[in-house]
Structures are given as C-alpha cells and as structure tokens.
Amino acid sequence: MSDQTAPKVNLLGLTKPQMEDFFESIGEKRFRGGQVMQWIHHFGVTDFTGMTNVGKALRAKLEARAEIRPPEVVSEDISADGTRKWVVRVASGSCVETVYIPQNGRGTLCVSSQAGCALDCSFCSTGKQGFNSDLTSAEIIGQVWIANQSFGSVPAKIDRAITNVVMMGMGEPLLNFDNVVPAMQIMMEDLGYGISKRKVTLSTSGVVPMIDKLAEHVDVSLALSLHAPNDELRNQLVPLNKKYPLDVLLDTCKRYVARLGEKRVLTIEYTLLKGVNDQPEHAEQMIALLKDVPCKINLIPFNPFPHSGYERPSNNAIRRFQDKLHHAGFSVTVRTTRGEDIDAACGQLVGQVMDKTRRSERYIAVRQLDEDAAANRN
C-alpha cells in the first residue's frame, strides 16, 4: 500500500516512544516526537500549521501522513454542583460518557475505556447496555484532551483543572489492555498531562491475569470493584467472580500493590444495595475478608436507574455499615453523589451503545415482565 492510500496515523494516542518511532519511520529526528506531543497535549493544537517550531516541509509531510483527531463531542452538560459530563462519539458509531468531578480542591476525570461493557454487573447501568467496541488509545486519551480544552487548561500550569484521572467510566479497562495502558502512560508523561502515578487509578472488576500483566507495564493506583464480601453473593452481582473467585482475586491485588511500594494501598469500591449487601453481617464478612489486605474502602450508595430492581440504602444503614468498618480499623469514606441531575453519578453512565450482544433488549424485556408480574400481584 502506498503512502498516498495508507490511512493517516492518529498522533493523539501515541506514547512518547511510539511518537519518536513514528518520526523516525518518516525519516525525521526522534526529538520531533516530543515537540509534537507537547503541542497536542499541552496546548491542544490539532492543526500542524499551528506548530510554530516545526518546519514547513515537515508540517507538509505530517499533513499527508498523520492527523490529530479527538473523538467527536456530541454534548456537554454541567450540573448544579459543578460536575460536567461529555458524551463523545467513537469510531464504532457508539457514544460513551466522560465525567469531571470537582471536590475538595481536586478535579477528577472519570474516563471510559469501552463502548458498553461485556461484564454485566447486575447493579450497573453501563452493563445493561451490552457491549459494542473497545476504545482506541486516541479515544481514551482524547477524553482527557477534550476535558482539558473545555477548561482552557494548559497541563504545564500548576493550577490545572484536572488533577486526577480514574479509569472508572464505561467498560472494564483490563479487557482493553493494549489501548488503556498507552493512554495512561500519556496521562503520566511530562509531555502529556504530567499527572502523578498516585493520581491515575485503574478500576477493575477483577480480571486476574491482566492485573499481573498491568504490573509489568505501569505503576498506577489500583481500585477493585468488590461489591460483595463473599463468593456466593459476588457471583450474583459481579458474574466475573465465577471465573476469578475472591481468594484468587485478592491475592493478585495484594501482589500488585506490594510491587508499588511507597505505602500505597488498594482502593476497595463497594456499592451499597438496600437489603442485598448492606447488612451488619456483610460488614463483618468484609472485615474478615480484608483483614490482611492493605486497603482503603470507598462505600458507594447505589444510584438508581430505570428498571434496575435495586434501591439505595437509608442514610442510617450507610452510616452503620461505615461505622462497623471504621471501628475495625479501616479507612472508610462514603462517596458523595455528584452530578445526579445530569445522570453523571457512579453507575449511571449509559451513553448510546450500538449493542452487538443484544443484552440491552433482553434486559429491558425481562425487567418489564418482572414489573408487570408485580403489578398483577398488587
């Protein structure tokens, strides 16, 4: 295939070594990769003509062979509490969602890794949309680029808006490993967004083999979507648990955190569901389960979505659960619900997924049957 017909390389998703390799492949000096990377991520430039320290001949060569193409922004909503949500369209035609949460001097960006999700956790609206596609590294880092542009923020500045990134949006990041890892490397790269490895967090439902593989490539913080303190209940809430049960999963997480050193710990995410996993015995089981795991616990009161079949626990139940864990010596926080008025709260991200699995159709049909049966009984 000739250069005239070859697809253009999207430079947005290239790490520094990949960028340098690209420039070398077109007969240019490797240092040009760093120059262009800085233009893209520090200054938000997508037009090669705007790169003033790049010669005219090289700019023409780049126009012919490369592009800087972020995902298309379909909408941007701003909540009354300052939370922002972007809906962006990716190459597969589906739309995914990105959320920015300002709180206590931090600005946390929640980034999606897939259009939909293959895992079907029972309490998550994303999982009910089925699965369409993995996002490319450019589509993942593009969400950071878009948010940065929205704030007019230059990452080199100390007072930048985005201080933390969490891979907690739509999808299971470890099932899109080859695109997620380069995107996170760009987040931490000084020529990218310069975010500390402590402040880039990957959240997983527990894809055990890929946690070990992750440790070989990056040292980002790790969060585990636990949601149940025993295998029987977790099998129902997080079906992946049938493949990787809790003892195997927690051993793997401990191994990952031990490699990080620096007194870093695992973040445990636990969505509280009324009458399902919020009882005192569940807290006791959780205490026993995590007694040897260096961790901090983030309790997430369930955020309702249509036809979910679950409810948010009462504030008293949430507080009792937190107190029990706290008295056992754990560091425990309750995540404040943010952006609920724009459907940006945890567990509510849905996007517009062109579902290949037809799970969304089946889910809606089953929930409708359940609700009709309940109405008839009443």
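Located above this text is the structure these notes cover.
In this text the structure is predicted, and so the values were computed from the model without any measurement. (Residues numbered from 1 in each chain as written. Predicted model: local features only at pLDDT ≥ 70, side-chain atom pairs only at ≥ 80, totals over all residues. Heavy atoms only, no water.)

Visitor: Account for the overall build of the protein, with residues named and values stated.
Guide: Secondary structure assignment for the protein yields 11 helices and 14 strands. The burial tally for the protein puts 53% of its 378 residues in the buried class. Contacts in the protein between residues far apart in sequence, at least 24 positions, make up 67% of those at least 6 positions apart. Accessible surface, the protein: about 16,900 Å² in total, of which carbon and sulfur atoms supply 49%. (Helix = DSSP H or I, 4+ residues; strand = E, 2+ residues; numbered from the N terminus. Buried < 20%, exposed > 50% of the residue type's maximum accessible area, 1.4 Å probe, protein only. Contact = heavy atoms within 4.5 Å. Areas by Shrake-Rupley, 256 points an atom, 1.4 Å probe, with all protein chains shown as cover.)

Visitor: A description of the environment of Tyr310 should follow, citing residues and the corresponding values.
Guide: Relative to the assigned elements, Tyr310 resides in the loop between β13 (295-301) and α10 (315-327). Taking C-alpha positions, Tyr310 is 8.5 Å from Val276, a pair spaced 34 residues apart along the chain. Once residues within four sequence positions are removed from consideration, Tyr310 is found in contact with Ser122, Phe123, Leu237, Leu273, Val276 and Phe302.

Visitor: Let's hear about the pairing of β13: which residues, and what values?
Guide: With six of seven residues buried, β13 is to be regarded as a mostly interior element. As judged from the seven bridges shared by strand β12 (residues 266-272) and β13, these two strands associate in the parallel manner. Residue Ile268 lies in a different strand from β13, and its bridge partner there is Ile297. Once you follow β12 into helix α9 (residues 280-289) and on to β13, the crossover reads as right-handed. Where β13 meets strand β14 (residues 331-334), four bridges bridge the pair, whose relative direction is parallel. What sits directly across from Lys296, in β14, is Ser331. (Pairing = 2+ DSSP bridges. Right-handed = clockwise from strand over helix to strand, strands pointing away.)

Visitor: Could you give an account of the pairing of strand β3 (residues 72-78), with specific residues and numbers?
Guide: The sheet contact formed by β3 and strand β4 (residues 84-89) spans six bridges and is antiparallel. Paired with Glu72 across the bridge in β4 is Arg89. Hairpin geometry of β3 and β4 is characterised by an intervening segment of five residues between the two adjacent antiparallel strands and by a positive phi of about 95° at Gly82.

Visitor: Mind laying out the packing of helix α4 (residues 137-151) against helix α5 (residues 177-188), listing which residues take part and the relevant values?
Guide: The contact between α4 and α5 brings their axes to 8 Å, and the two run at 35°. Considering how the two elements wind past one another, α4 and α5 form a crossing that is right-handed. Across the interface between the two elements, Ser137, Ile140, Ile141 and Val144 of α4 pack against Asn179, Val180, Pro182, Ala183, Ile186 and Met187 of α5. Taken together, the residues that form the contact of α4 with α5 break down as eight nonpolar, two polar and no charged. (Axes fitted to C-alpha atoms, helices over the stretch in contact; angles between N-to-C directions. Left-handed = near helix turned anticlockwise from the far one by under 90°. Nonpolar A, V, L, I, M, F, W, Y, C, P; charged D, E, K, R; others polar.)

Visitor: Go over the nonpolar core with me, naming the residues and quoting the values.
Guide: With 104 residues, the main nonpolar core has Leu11, Met184, Met187, Leu214, Leu290 and Ile297 as its most contacted residues. The dominant element in this core, judged by the number of residues it contributes, is α5, at eight residues. (Core = buried A, V, L, I, M, F, W, Y, C linked by side-chain atoms within 4.5 Å.)

Visitor: Lay out the packing of helix α6 (residues 208-215) against helix α8 (residues 246-260) with the relevant residues and their values.
Guide: Orientation of α6 relative to α8, taken along the N-to-C sense of each, is 5°, at an axis distance of 9 Å. In terms of their interaxial angle, α6 and α8 are classed as roughly parallel. The segment α6 lies against α8, with Val208, Ile211, Asp212, Leu214 and Ala215 engaging Val248, Leu249, Thr252, Cys253, Arg255, Tyr256 and Arg259. Here the contact of α6 with α8 is built from residues that sort into eight nonpolar, one polar and three charged. (Parallel < 35°, antiparallel > 145°, perpendicular 65-115°, else oblique.)

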